Amino acid sequence: MKYIIALDAGTTSVRAMLYDLKQRKFVHCAQQEVGQNFPHPGWVEQDADEIYYKSVYVLNSCITLAGAENVAGIGIANQRETVVFWDRRTGDPVCPAIVWQCRRTSEFCSRIPEEMRRLIRERTGLQTDAYFSASKIRWGLDHVPAAARLCREGNLCVGTVDSFLIWKLTEEHAFVTDHTNASRTMLFNIHTLKWDADLLSYFGIREDILPEVRPCTARMGEFLHSGVRIPVAGVAGDQQAALFGQACLARGDGKITYGTGLFLLFNTGRSCAASGHGLISTVGYSLGKKVVYALEGSVFNAGSCVQWLRDEMGFLKTSAESEAIARSVPDTGGVCFVPAFTGLGAPYWDGEARGLLCGLTRGTGRAHIVRAVLESIAYAARDLADCMQRDSGISLNGIRCDGGASANDFLMQFQADVLGVTIDRPEERESTALGAALLCAISLGLCEEGDVSAFRTSARIFRPGEGQAAAFRGYEAYRKAVSRALLHGETD
Ligand code: ADP
(Lines give C-alpha, C1' and ligand atoms only; values in the text may rest on other atoms or scores of the structure.)
Protein backbone atom coordinates (compact mmCIF):
# COMPACT_ATOMS: atom_id res chain seq x y z
CA MET A 1 0.00 0.00 0.00
CA LYS A 2 2.13 2.81 -1.28
CA TYR A 3 -0.36 5.51 -2.06
CA ILE A 4 -2.98 7.76 -0.61
CA ILE A 5 -5.31 9.80 -2.77
CA ALA A 6 -6.27 13.32 -1.71
CA LEU A 7 -9.51 14.46 -3.29
CA ASP A 8 -9.60 18.27 -3.28
CA ALA A 9 -13.13 19.34 -4.22
CA GLY A 10 -12.69 23.08 -4.75
CA THR A 11 -15.05 25.69 -6.12
CA THR A 12 -13.58 25.92 -9.60
CA SER A 13 -12.18 22.40 -9.97
CA VAL A 14 -11.99 18.97 -8.41
CA ARG A 15 -8.61 17.30 -8.26
CA ALA A 16 -7.40 13.92 -7.17
CA MET A 17 -3.74 13.82 -6.21
CA LEU A 18 -1.84 10.59 -5.78
CA TYR A 19 0.51 10.78 -2.83
CA ASP A 20 3.43 8.41 -2.45
CA LEU A 21 3.82 7.96 1.32
CA LYS A 22 7.34 6.50 1.12
CA GLN A 23 8.73 9.11 -1.26
CA ARG A 24 6.69 11.79 0.50
CA LYS A 25 5.53 13.44 -2.66
CA PHE A 26 2.65 13.78 -5.07
CA VAL A 27 3.21 11.68 -8.14
CA HIS A 28 0.10 12.37 -10.18
CA CYS A 29 -2.75 14.86 -10.37
CA ALA A 30 -6.02 14.48 -12.26
CA GLN A 31 -8.18 17.57 -12.53
CA GLN A 32 -11.59 18.54 -13.89
CA GLU A 33 -13.06 22.02 -13.99
CA VAL A 34 -16.52 22.40 -12.44
CA GLY A 35 -19.05 24.97 -13.58
CA GLN A 36 -20.82 27.65 -11.57
CA ASN A 37 -24.13 29.31 -12.36
CA PHE A 38 -25.21 32.83 -11.51
CA PRO A 39 -28.99 32.79 -12.03
CA HIS A 40 -29.58 36.17 -10.33
CA PRO A 41 -27.29 38.98 -9.22
CA GLY A 42 -25.39 37.82 -6.14
CA TRP A 43 -26.53 34.18 -6.50
CA VAL A 44 -24.00 31.38 -7.02
CA GLU A 45 -25.03 27.77 -7.66
CA GLN A 46 -23.35 24.53 -8.68
CA ASP A 47 -24.53 21.17 -9.92
CA ALA A 48 -23.71 18.77 -7.07
CA ASP A 49 -23.96 15.79 -9.41
CA GLU A 50 -21.31 17.34 -11.65
CA ILE A 51 -19.03 17.67 -8.60
CA TYR A 52 -19.68 13.99 -7.82
CA TYR A 53 -19.21 12.63 -11.38
CA LYS A 54 -16.04 14.61 -11.88
CA SER A 55 -14.76 13.48 -8.48
CA VAL A 56 -15.30 9.85 -9.50
CA TYR A 57 -13.56 10.52 -12.80
CA VAL A 58 -10.44 12.02 -11.22
CA LEU A 59 -10.37 9.39 -8.46
CA ASN A 60 -10.60 6.58 -11.00
CA SER A 61 -7.84 8.13 -13.04
CA CYS A 62 -5.49 8.03 -10.02
CA ILE A 63 -6.62 4.57 -8.90
CA THR A 64 -6.15 3.09 -12.35
CA LEU A 65 -2.66 4.53 -12.56
CA ALA A 66 -1.65 3.28 -9.09
CA GLY A 67 -3.57 -0.01 -9.11
CA ALA A 68 -6.48 -0.22 -6.65
CA GLU A 69 -4.59 -2.66 -4.40
CA ASN A 70 -1.83 -0.09 -3.93
CA VAL A 71 -4.15 2.65 -2.67
CA ALA A 72 -4.45 2.65 1.12
CA GLY A 73 -7.20 5.23 1.33
CA ILE A 74 -8.87 8.38 0.08
CA GLY A 75 -8.77 11.64 2.08
CA ILE A 76 -11.03 14.58 1.25
CA ALA A 77 -10.59 18.36 1.43
CA ASN A 78 -13.40 20.52 0.12
CA GLN A 79 -14.85 23.96 -0.48
CA ARG A 80 -16.61 24.86 2.74
CA GLU A 81 -20.10 26.15 3.65
CA THR A 82 -21.71 25.18 0.31
CA VAL A 83 -24.99 23.32 0.88
CA VAL A 84 -26.34 20.28 -1.01
CA PHE A 85 -29.91 18.91 -0.62
CA TRP A 86 -30.44 15.30 -1.72
CA ASP A 87 -32.92 12.43 -1.53
CA ARG A 88 -31.89 9.87 1.08
CA ARG A 89 -33.34 7.02 -1.00
CA THR A 90 -31.64 7.78 -4.31
CA GLY A 91 -28.79 10.21 -3.63
CA ASP A 92 -30.24 12.58 -6.24
CA PRO A 93 -29.80 16.29 -5.48
CA VAL A 94 -33.18 18.01 -5.36
CA CYS A 95 -31.92 21.46 -6.38
CA PRO A 96 -28.66 23.17 -7.30
CA ALA A 97 -26.08 23.41 -4.52
CA ILE A 98 -26.04 26.85 -2.87
CA VAL A 99 -22.40 27.93 -3.01
CA TRP A 100 -20.57 29.68 -0.17
CA GLN A 101 -20.30 32.90 -2.21
CA CYS A 102 -24.06 33.06 -2.75
CA ARG A 103 -25.64 36.15 -1.16
CA ARG A 104 -29.31 35.17 -1.58
CA THR A 105 -29.88 35.01 2.17
CA SER A 106 -28.06 38.19 3.14
CA GLU A 107 -31.27 40.10 3.79
CA PHE A 108 -32.56 37.23 5.94
CA CYS A 109 -29.30 37.31 7.91
CA SER A 110 -29.41 41.08 8.34
CA ARG A 111 -32.76 40.65 10.15
CA ILE A 112 -31.34 38.22 12.73
CA PRO A 113 -31.56 40.09 16.05
CA GLU A 114 -28.50 41.10 18.02
CA GLU A 115 -29.26 38.67 20.84
CA MET A 116 -29.23 35.74 18.44
CA ARG A 117 -26.06 37.00 16.76
CA ARG A 118 -24.40 36.93 20.17
CA LEU A 119 -25.56 33.38 20.75
CA ILE A 120 -24.34 32.33 17.29
CA ARG A 121 -20.97 33.87 18.03
CA GLU A 122 -20.67 32.17 21.43
CA ARG A 123 -21.74 28.74 20.26
CA THR A 124 -20.33 28.54 16.72
CA GLY A 125 -17.45 31.04 16.78
CA LEU A 126 -18.85 32.63 13.61
CA GLN A 127 -20.12 36.03 12.53
CA THR A 128 -23.78 35.91 11.50
CA ASP A 129 -23.54 35.96 7.73
CA ALA A 130 -25.09 34.50 4.58
CA TYR A 131 -21.66 33.00 3.81
CA PHE A 132 -22.26 30.17 6.33
CA SER A 133 -24.65 27.28 5.71
CA ALA A 134 -27.55 27.77 8.16
CA SER A 135 -29.50 30.44 6.27
CA LYS A 136 -28.89 28.60 2.98
CA ILE A 137 -30.47 25.46 4.47
CA ARG A 138 -33.45 27.48 5.70
CA TRP A 139 -33.81 28.99 2.23
CA GLY A 140 -33.95 25.54 0.62
CA LEU A 141 -36.60 24.32 3.04
CA ASP A 142 -38.70 27.43 2.33
CA HIS A 143 -38.25 27.72 -1.44
CA VAL A 144 -37.66 24.23 -2.85
CA PRO A 145 -40.95 22.28 -2.62
CA ALA A 146 -39.21 18.91 -3.18
CA ALA A 147 -36.84 19.61 -0.29
CA ALA A 148 -39.73 20.56 2.01
CA ARG A 149 -41.67 17.41 1.01
CA LEU A 150 -38.69 15.08 1.50
CA CYS A 151 -38.05 16.76 4.84
CA ARG A 152 -41.65 16.08 5.95
CA GLU A 153 -41.35 12.46 4.83
CA GLY A 154 -38.02 11.98 6.62
CA ASN A 155 -36.18 11.41 3.33
CA LEU A 156 -34.10 14.56 3.08
CA CYS A 157 -30.33 14.76 3.53
CA VAL A 158 -28.65 18.16 3.77
CA GLY A 159 -24.91 18.55 4.01
CA THR A 160 -21.77 20.30 2.89
CA VAL A 161 -19.83 19.07 -0.16
CA ASP A 162 -17.77 16.56 1.84
CA SER A 163 -20.92 15.01 3.24
CA PHE A 164 -22.59 14.68 -0.16
CA LEU A 165 -19.45 13.21 -1.75
CA ILE A 166 -18.98 10.69 1.07
CA TRP A 167 -22.65 9.63 0.83
CA LYS A 168 -22.28 9.10 -2.92
CA LEU A 169 -18.81 7.57 -2.92
CA THR A 170 -19.22 5.06 -0.10
CA GLU A 171 -20.81 1.67 -0.57
CA GLU A 172 -22.79 2.07 2.65
CA HIS A 173 -23.93 5.65 1.83
CA ALA A 174 -22.48 7.00 5.06
CA PHE A 175 -24.25 10.22 6.05
CA VAL A 176 -21.41 11.94 7.89
CA THR A 177 -19.28 15.06 8.02
CA ASP A 178 -16.24 16.13 10.03
CA HIS A 179 -15.77 18.70 12.80
CA THR A 180 -14.17 21.34 10.54
CA ASN A 181 -16.93 21.30 7.93
CA ALA A 182 -19.64 21.22 10.60
CA SER A 183 -18.03 24.25 12.24
CA ARG A 184 -18.84 26.33 9.13
CA THR A 185 -22.59 25.72 9.19
CA MET A 186 -23.57 28.20 11.95
CA LEU A 187 -25.49 25.29 13.56
CA PHE A 188 -22.64 23.44 15.23
CA ASN A 189 -21.53 24.10 18.77
CA ILE A 190 -17.74 24.11 18.57
CA HIS A 191 -17.38 23.66 22.34
CA THR A 192 -19.65 20.64 22.84
CA LEU A 193 -18.94 19.35 19.29
CA LYS A 194 -22.64 18.71 18.70
CA TRP A 195 -25.37 20.22 16.56
CA ASP A 196 -26.76 23.01 18.73
CA ALA A 197 -30.40 22.48 19.72
CA ASP A 198 -31.09 26.21 20.21
CA LEU A 199 -29.66 27.17 16.85
CA LEU A 200 -31.45 24.31 15.08
CA SER A 201 -34.67 25.48 16.68
CA TYR A 202 -34.07 29.14 15.73
CA PHE A 203 -33.46 28.24 12.09
CA GLY A 204 -36.23 25.62 12.12
CA ILE A 205 -33.91 22.82 11.01
CA ARG A 206 -34.42 19.26 12.26
CA GLU A 207 -31.28 17.40 13.30
CA ASP A 208 -32.25 14.25 11.39
CA ILE A 209 -31.70 15.99 8.02
CA LEU A 210 -28.08 16.73 9.02
CA PRO A 211 -25.12 14.31 8.94
CA GLU A 212 -23.46 12.70 11.92
CA VAL A 213 -20.36 14.67 12.86
CA ARG A 214 -17.10 12.78 13.25
CA PRO A 215 -13.45 13.71 13.86
CA CYS A 216 -11.31 14.60 10.82
CA THR A 217 -9.50 11.28 11.19
CA ALA A 218 -12.62 9.10 11.34
CA ARG A 219 -13.11 6.31 8.86
CA MET A 220 -16.15 7.39 6.88
CA GLY A 221 -16.81 4.38 4.64
CA GLU A 222 -15.46 2.48 1.65
CA PHE A 223 -15.19 3.30 -2.04
CA LEU A 224 -15.51 0.30 -4.31
CA HIS A 225 -13.21 0.15 -7.34
CA SER A 226 -13.06 -3.04 -9.46
CA GLY A 227 -13.96 -5.19 -6.48
CA VAL A 228 -11.39 -3.52 -4.20
CA ARG A 229 -12.69 -1.66 -1.15
CA ILE A 230 -10.73 1.53 -0.52
CA PRO A 231 -11.35 3.30 2.82
CA VAL A 232 -12.56 6.88 2.69
CA ALA A 233 -10.92 8.35 5.77
CA GLY A 234 -9.54 11.77 6.65
CA VAL A 235 -11.74 14.77 5.91
CA ALA A 236 -11.38 18.52 6.44
CA GLY A 237 -12.50 21.80 4.93
CA ASP A 238 -9.90 23.14 2.51
CA GLN A 239 -8.40 25.91 4.68
CA GLN A 240 -8.18 23.61 7.69
CA ALA A 241 -6.61 20.87 5.55
CA ALA A 242 -4.00 23.43 4.46
CA LEU A 243 -3.31 24.31 8.11
CA PHE A 244 -2.69 20.63 8.80
CA GLY A 245 -0.69 20.07 5.61
CA GLN A 246 1.53 22.99 6.62
CA ALA A 247 2.12 21.19 9.93
CA CYS A 248 0.81 24.17 11.91
CA LEU A 249 0.37 21.91 14.92
CA ALA A 250 1.58 24.12 17.75
CA ARG A 251 -0.19 27.02 19.40
CA GLY A 252 0.91 30.18 17.56
CA ASP A 253 1.65 28.42 14.24
CA GLY A 254 -0.11 30.13 11.37
CA LYS A 255 -0.44 29.80 7.62
CA ILE A 256 -1.50 32.17 4.90
CA THR A 257 -2.91 30.92 1.63
CA TYR A 258 -2.39 33.54 -1.09
CA GLY A 259 -4.94 32.63 -3.74
CA THR A 260 -7.69 34.67 -5.33
CA GLY A 261 -8.43 35.73 -1.74
CA LEU A 262 -6.17 35.39 1.26
CA PHE A 263 -6.84 33.14 4.25
CA LEU A 264 -4.93 33.34 7.49
CA LEU A 265 -5.45 30.51 9.98
CA PHE A 266 -3.74 30.55 13.32
CA ASN A 267 -3.54 27.58 15.68
CA THR A 268 -4.80 28.55 19.17
CA GLY A 269 -4.29 25.08 20.64
CA ARG A 270 -6.80 23.13 22.69
CA SER A 271 -8.61 26.28 23.78
CA CYS A 272 -10.95 28.24 21.59
CA ALA A 273 -10.03 31.95 21.43
CA ALA A 274 -12.91 34.36 20.93
CA SER A 275 -12.30 37.30 18.65
CA GLY A 276 -13.12 40.87 19.56
CA HIS A 277 -12.10 42.00 16.08
CA GLY A 278 -14.45 40.16 13.82
CA LEU A 279 -12.28 37.13 13.18
CA ILE A 280 -13.81 33.69 13.23
CA SER A 281 -13.10 30.97 15.79
CA THR A 282 -13.22 27.57 14.21
CA VAL A 283 -12.17 23.96 14.62
CA GLY A 284 -8.66 23.72 13.15
CA TYR A 285 -8.58 19.93 13.07
CA SER A 286 -9.51 16.97 15.22
CA LEU A 287 -7.54 13.77 15.63
CA GLY A 288 -9.83 11.29 17.31
CA LYS A 289 -10.81 12.93 20.59
CA LYS A 290 -8.17 15.65 20.36
CA VAL A 291 -9.60 18.91 19.04
CA VAL A 292 -7.44 21.88 18.09
CA TYR A 293 -8.96 25.31 17.49
CA ALA A 294 -7.95 28.09 15.15
CA LEU A 295 -8.70 31.73 14.51
CA GLU A 296 -9.41 32.57 10.90
CA GLY A 297 -9.40 35.81 8.98
CA SER A 298 -9.69 36.44 5.29
CA VAL A 299 -9.04 39.16 2.76
CA PHE A 300 -11.57 38.85 -0.04
CA ASN A 301 -9.25 40.18 -2.76
CA ALA A 302 -5.55 39.33 -2.89
CA GLY A 303 -4.34 37.47 -6.01
CA SER A 304 -7.43 38.84 -7.73
CA CYS A 305 -5.87 42.34 -7.50
CA VAL A 306 -2.89 41.03 -9.46
CA GLN A 307 -5.33 39.59 -11.98
CA TRP A 308 -6.94 43.02 -12.17
CA LEU A 309 -3.56 44.59 -12.97
CA ARG A 310 -3.14 42.01 -15.69
CA ASP A 311 -6.62 41.82 -17.19
CA GLU A 312 -8.27 45.19 -16.61
CA MET A 313 -5.31 47.55 -16.40
CA GLY A 314 -3.18 45.70 -18.95
CA PHE A 315 -0.09 46.40 -16.77
CA LEU A 316 1.11 42.78 -16.81
CA LYS A 317 1.22 39.90 -19.26
CA THR A 318 1.32 37.33 -16.49
CA SER A 319 0.71 37.50 -12.73
CA ALA A 320 4.31 36.34 -12.16
CA GLU A 321 5.62 39.39 -14.03
CA SER A 322 4.40 41.57 -11.15
CA GLU A 323 7.50 40.58 -9.19
CA ALA A 324 10.11 41.95 -11.62
CA ILE A 325 8.06 45.08 -12.29
CA ALA A 326 7.68 45.81 -8.56
CA ARG A 327 11.41 45.37 -8.08
CA SER A 328 12.21 47.79 -10.92
CA VAL A 329 11.45 50.73 -8.58
CA PRO A 330 12.90 51.28 -5.09
CA ASP A 331 9.49 52.09 -3.56
CA THR A 332 5.95 53.01 -4.56
CA GLY A 333 6.80 56.71 -4.78
CA GLY A 334 4.07 57.43 -2.22
CA VAL A 335 1.37 55.45 -4.07
CA CYS A 336 -0.92 53.43 -1.82
CA PHE A 337 -3.56 50.87 -2.83
CA VAL A 338 -6.45 49.45 -0.78
CA PRO A 339 -7.66 46.07 -2.10
CA ALA A 340 -11.34 46.62 -1.29
CA PHE A 341 -12.99 45.62 -4.59
CA THR A 342 -15.79 43.80 -2.75
CA GLY A 343 -15.63 45.55 0.60
CA LEU A 344 -13.29 45.01 3.53
CA GLY A 345 -13.44 42.18 6.06
CA ALA A 346 -11.70 41.97 9.46
CA PRO A 347 -11.00 44.20 11.25
CA TYR A 348 -13.03 46.82 9.34
CA TRP A 349 -16.11 44.89 8.20
CA ASP A 350 -17.38 47.38 5.68
CA GLY A 351 -19.11 45.65 2.80
CA GLU A 352 -19.60 48.98 1.04
CA ALA A 353 -15.93 50.01 1.05
CA ARG A 354 -14.34 49.99 -2.39
CA GLY A 355 -10.82 49.87 -3.81
CA LEU A 356 -8.68 52.97 -3.61
CA LEU A 357 -5.50 54.10 -5.32
CA CYS A 358 -4.04 57.25 -3.81
CA GLY A 359 -0.85 59.27 -3.58
CA LEU A 360 -0.56 59.62 -7.35
CA THR A 361 1.76 62.28 -8.77
CA ARG A 362 2.79 63.26 -12.29
CA GLY A 363 5.77 60.93 -11.86
CA THR A 364 3.73 57.83 -10.94
CA GLY A 365 4.36 54.96 -13.33
CA ARG A 366 3.08 51.45 -13.87
CA ALA A 367 5.78 49.93 -11.66
CA HIS A 368 4.79 52.10 -8.68
CA ILE A 369 1.19 50.96 -8.97
CA VAL A 370 2.12 47.30 -9.37
CA ARG A 371 4.37 47.53 -6.33
CA ALA A 372 1.64 49.28 -4.32
CA VAL A 373 -0.81 46.49 -5.15
CA LEU A 374 1.59 43.75 -4.00
CA GLU A 375 2.41 45.68 -0.84
CA SER A 376 -1.30 46.13 -0.07
CA ILE A 377 -1.75 42.34 0.05
CA ALA A 378 0.93 42.13 2.73
CA TYR A 379 -0.58 45.04 4.66
CA ALA A 380 -4.02 43.42 4.65
CA ALA A 381 -2.44 40.23 6.05
CA ARG A 382 -0.77 42.32 8.76
CA ASP A 383 -4.18 43.70 9.78
CA LEU A 384 -5.40 40.13 10.30
CA ALA A 385 -2.27 38.98 12.10
CA ASP A 386 -2.47 41.92 14.52
CA CYS A 387 -6.10 41.06 15.35
CA MET A 388 -5.22 37.43 15.89
CA GLN A 389 -2.42 38.18 18.26
CA ARG A 390 -4.57 40.64 20.20
CA ASP A 391 -7.51 38.23 20.39
CA SER A 392 -5.57 35.21 21.45
CA GLY A 393 -2.77 36.79 23.45
CA ILE A 394 -0.47 34.39 21.61
CA SER A 395 2.36 35.69 19.44
CA LEU A 396 2.90 34.32 15.99
CA ASN A 397 5.71 31.80 15.71
CA GLY A 398 6.05 32.63 12.03
CA ILE A 399 3.90 32.16 8.97
CA ARG A 400 3.87 29.30 6.52
CA CYS A 401 2.69 30.27 3.07
CA ASP A 402 1.03 28.57 0.13
CA GLY A 403 -1.29 29.36 -2.78
CA GLY A 404 -0.54 30.81 -6.23
CA ALA A 405 0.81 34.22 -5.18
CA SER A 406 3.18 32.70 -2.59
CA ALA A 407 5.46 32.04 -5.57
CA ASN A 408 6.20 35.78 -5.60
CA ASP A 409 9.53 36.30 -3.78
CA PHE A 410 9.08 40.07 -3.58
CA LEU A 411 5.70 39.67 -1.90
CA MET A 412 6.97 37.03 0.54
CA GLN A 413 9.99 39.14 1.56
CA PHE A 414 7.80 42.20 1.95
CA GLN A 415 5.37 40.14 4.03
CA ALA A 416 8.20 39.06 6.35
CA ASP A 417 9.25 42.72 6.68
CA VAL A 418 5.79 44.05 7.39
CA LEU A 419 4.86 41.28 9.85
CA GLY A 420 8.26 41.13 11.50
CA VAL A 421 8.19 37.31 11.45
CA THR A 422 9.62 34.67 9.14
CA ILE A 423 7.66 33.46 6.14
CA ASP A 424 8.35 29.84 5.41
CA ARG A 425 7.57 28.54 1.92
CA PRO A 426 7.37 24.75 1.59
CA GLU A 427 8.60 22.55 -1.26
CA GLU A 428 5.08 21.23 -1.70
CA ARG A 429 2.75 24.18 -2.13
CA GLU A 430 -0.32 21.91 -2.45
CA SER A 431 -0.85 22.10 1.31
CA THR A 432 -4.58 21.42 1.12
CA ALA A 433 -4.12 18.11 -0.66
CA LEU A 434 -1.20 17.20 1.59
CA GLY A 435 -3.34 17.91 4.66
CA ALA A 436 -6.09 15.60 3.39
CA ALA A 437 -3.54 12.89 2.56
CA LEU A 438 -1.96 13.10 6.02
CA LEU A 439 -5.31 13.05 7.84
CA CYS A 440 -6.08 9.92 5.83
CA ALA A 441 -2.72 8.35 6.69
CA ILE A 442 -3.28 9.06 10.41
CA SER A 443 -6.77 7.64 10.24
CA LEU A 444 -5.42 4.43 8.74
CA GLY A 445 -2.64 4.19 11.32
CA LEU A 446 0.07 4.72 8.69
CA CYS A 447 1.52 7.69 10.54
CA GLU A 448 1.00 9.75 13.67
CA GLU A 449 0.58 13.41 14.47
CA GLY A 450 4.21 13.55 15.53
CA ASP A 451 5.29 12.48 12.02
CA VAL A 452 3.42 15.23 10.18
CA SER A 453 6.20 17.83 10.30
CA ALA A 454 8.52 15.38 8.56
CA PHE A 455 6.25 15.37 5.52
CA ARG A 456 6.72 19.11 5.05
CA THR A 457 10.02 20.57 3.88
CA SER A 458 10.85 24.24 3.75
CA ALA A 459 11.96 25.40 0.35
CA ARG A 460 12.81 28.94 1.36
CA ILE A 461 12.58 31.06 4.48
CA PHE A 462 12.09 34.82 4.19
CA ARG A 463 13.32 36.70 7.26
CA PRO A 464 12.48 40.27 8.27
CA GLY A 465 15.34 42.34 6.88
CA GLU A 466 16.55 45.78 6.00
CA GLY A 467 13.23 46.66 4.38
CA GLN A 468 11.45 46.52 7.72
CA ALA A 469 11.53 50.22 8.64
CA ALA A 470 10.16 51.23 5.25
CA ALA A 471 7.53 48.48 5.43
CA PHE A 472 6.33 49.73 8.81
CA ARG A 473 6.09 53.28 7.46
CA GLY A 474 4.19 51.97 4.45
CA TYR A 475 1.78 50.17 6.76
CA GLU A 476 0.97 53.43 8.56
CA ALA A 477 0.24 55.07 5.21
CA TYR A 478 -1.93 52.07 4.27
CA ARG A 479 -4.00 52.45 7.45
CA LYS A 480 -4.64 56.09 6.55
CA ALA A 481 -5.64 55.09 3.04
CA VAL A 482 -8.04 52.47 4.44
CA SER A 483 -9.81 55.12 6.49
CA ARG A 484 -10.48 56.97 3.24
CA ALA A 485 -11.78 53.82 1.52
CA LEU A 486 -14.30 53.00 4.25
CA LEU A 487 -17.88 54.05 3.83
CA HIS A 488 -19.25 52.86 7.17
CA GLY A 489 -16.46 51.81 9.46
CA GLU A 490 -13.54 53.50 11.16
CA THR A 491 -9.97 52.39 11.68
CA ASP A 492 -9.06 52.17 15.34
P1 ADP B 1 -7.27 29.88 -6.21
O2 ADP B 1 -7.00 28.56 -5.55
O3 ADP B 1 -7.96 30.90 -5.34
O4 ADP B 1 -7.89 29.78 -7.56
P5 ADP B 1 -4.38 29.99 -6.65
O6 ADP B 1 -3.79 29.51 -5.38
O7 ADP B 1 -4.30 29.11 -7.85
O8 ADP B 1 -5.83 30.57 -6.44
O9 ADP B 1 -3.64 31.39 -7.01
C10 ADP B 1 -4.04 32.14 -8.12
C11 ADP B 1 -3.94 33.62 -7.81
O12 ADP B 1 -2.59 33.95 -7.50
C13 ADP B 1 -4.33 34.48 -8.99
O14 ADP B 1 -5.20 35.49 -8.54
C15 ADP B 1 -3.03 35.06 -9.52
O16 ADP B 1 -3.20 36.39 -9.98
C17 ADP B 1 -2.14 35.02 -8.31
N18 ADP B 1 -0.73 34.74 -8.66
C19 ADP B 1 -0.24 33.61 -9.22
N20 ADP B 1 1.09 33.70 -9.38
C21 ADP B 1 1.46 34.91 -8.88
C22 ADP B 1 2.72 35.60 -8.75
N23 ADP B 1 3.87 35.02 -9.13
N24 ADP B 1 2.70 36.82 -8.19
C25 ADP B 1 1.54 37.39 -7.77
N26 ADP B 1 0.33 36.79 -7.89
C27 ADP B 1 0.29 35.57 -8.43
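*Asks:* Explain empty space enclosed by the protein here, please?
*Replies:* Unfilled space is identified by rolling a water-sized probe across the atoms. Using the criterion set out here, one finds two cavities of 30 Å³ or more in the structure. Lining the largest cavity are 13 residues, and of these Val299, Leu344, Gly345, Ala346 and Ala380 sit closest to its centre. Sorting the residues of the lining of the largest cavity by element identifies β18 (290–299) and α12 (366–392) as the ones contributing at least two each. The greatest single-element share of the lining of the largest cavity, amounting to three residues, is contributed by α12. The residue makeup of the lining of the largest cavity, split by class, is nine nonpolar, three polar and one charged. Approximately 80 Å³ is the volume attributed to the second largest cavity. Only α4 (133–143), β8 (156–159) and α7 (179–182) provide two or more residues apiece to the lining of the second largest cavity.

*Asks:* Quick question: what am I supposed to make of the site of the ligand here?
*Replies:* Thr260, Gly303, Ser319, Gly404 and Asn408 are the nearest of the 13 residues found near the ligand. A distance of 2.7 Å separates an oxygen atom of the ligand from a polar side-chain atom of Thr260. In this structure, Gly404 approaches the ligand through a main-chain N or O atom, which is 2.8 Å from an oxygen atom. Burial of the ligand by the protein amounts to 68% of the accessible area it has alone, namely 580 Å². It is helix α10 (residues 303–311) that contributes the most residues to the shell around the ligand, four residues altogether. Its residues assigned to classes, the shell around the ligand comprises three nonpolar, 10 polar and no charged.

*Asks:* What is the right way to read the side chain of Thr105 from this model?
*Replies:* You can see Thr105 is positioned in the loop between β7 (97–98) and α2 (106–110). Only 2.8 Å separates the side chain of Thr105 from the side chain of Ser135, close enough to count as a polar contact. Among all residues touching Thr105, those that are not within four sequence positions of it are Ala130, Ser135, Lys136 and Trp139.

*Asks:* Please explain helix α1 (residues 48–66) as it appears in this structure.
*Replies:* An α-helical segment advances 3.6 residues per turn. Residues three or four places apart therefore align on the same side. The terminal C-alpha atoms of α1 lie 27 Å apart, and with 19 residues this matches the ideal 27 Å at 1.5 Å per residue to within 8%. Structurally, the start of α1 carries an N-cap: the backbone nitrogen of Asp49 is 2.9 Å from a side-chain oxygen of Asp47. Gly67 sits one or two residues past α1 and shows a positive phi near 90°.

*Asks:* Is there a simple way to explain the domain arrangement of the protein in this structure?
*Replies:* Accessible area lost during the coming together of the parts is what is often quoted as the interface size. Once the domains are mapped, the protein shows domain 1 (3–238) and domain 2 (247–492). On the side of domain 2, 34 residues touch domain 1, which itself brings 41 residues to the contact. Looking at the side of domain 1 facing domain 2, the largest losses of area belong to Arg24, Phe26 and Thr217, adding up to 18% of the total buried there. Summed over the shared surface of domain 1 and domain 2, the result is three salt bridges. Its salt-bridge partner being Glu430, residue Arg15 comes within 2.9 Å of it at the nearest N-O pair. Taken together, the links from domain 1 to domain 2 amount to 13 residue pairs in polar contact (both at pLDDT 80 or more). When residues of the side of domain 1 that touches domain 2 are traced back to their parent elements, those giving at least two are β1 (3–9), β2 (13–20), β5 (71–78), α3 (114–124), α7 and β14 (228–237). Of the residues contributing to the side of domain 1 that touches domain 2, the split by class is 22 nonpolar, 11 polar and eight charged.

The rules behind each value
- Residues numbered from 1 in each chain as written.
- Predicted model: local features only at pLDDT ≥ 70, side-chain atom pairs only at ≥ 80, totals over all residues.
- Heavy atoms only, no water.
- 1 Å grid on protein atoms, 1.4 Å probe; cavity = no way out; pocket = protein on both sides within 12 Å on 5 of 7 lines; lining within 4 Å.
- Points joined across faces, edges and corners; volume = space filled by probe spheres on them.
- Helix = DSSP H or I, 4+ residues; strand = E, 2+ residues; numbered from the N terminus.
- Nonpolar A, V, L, I, M, F, W, Y, C, P; charged D, E, K, R; others polar.
- Near = heavy atom within 4 Å.
- Polar contact = N/O pair within 3.5 Å; in protein donor to acceptor, adjacent residues only side chain to side chain.
- Areas by Shrake-Rupley, 256 points an atom, 1.4 Å probe, with all protein chains shown as cover.
- Contact = heavy atoms within 4.5 Å.
- Expected span 1.5 Å × (residues − 1).
- Domains from an automatic or database assignment.
- Buried area = accessible area lost by both parts, 1.4 Å probe.
- Salt bridge = Lys/Arg side-chain N within 4 Å of Asp/Glu carboxyl O.

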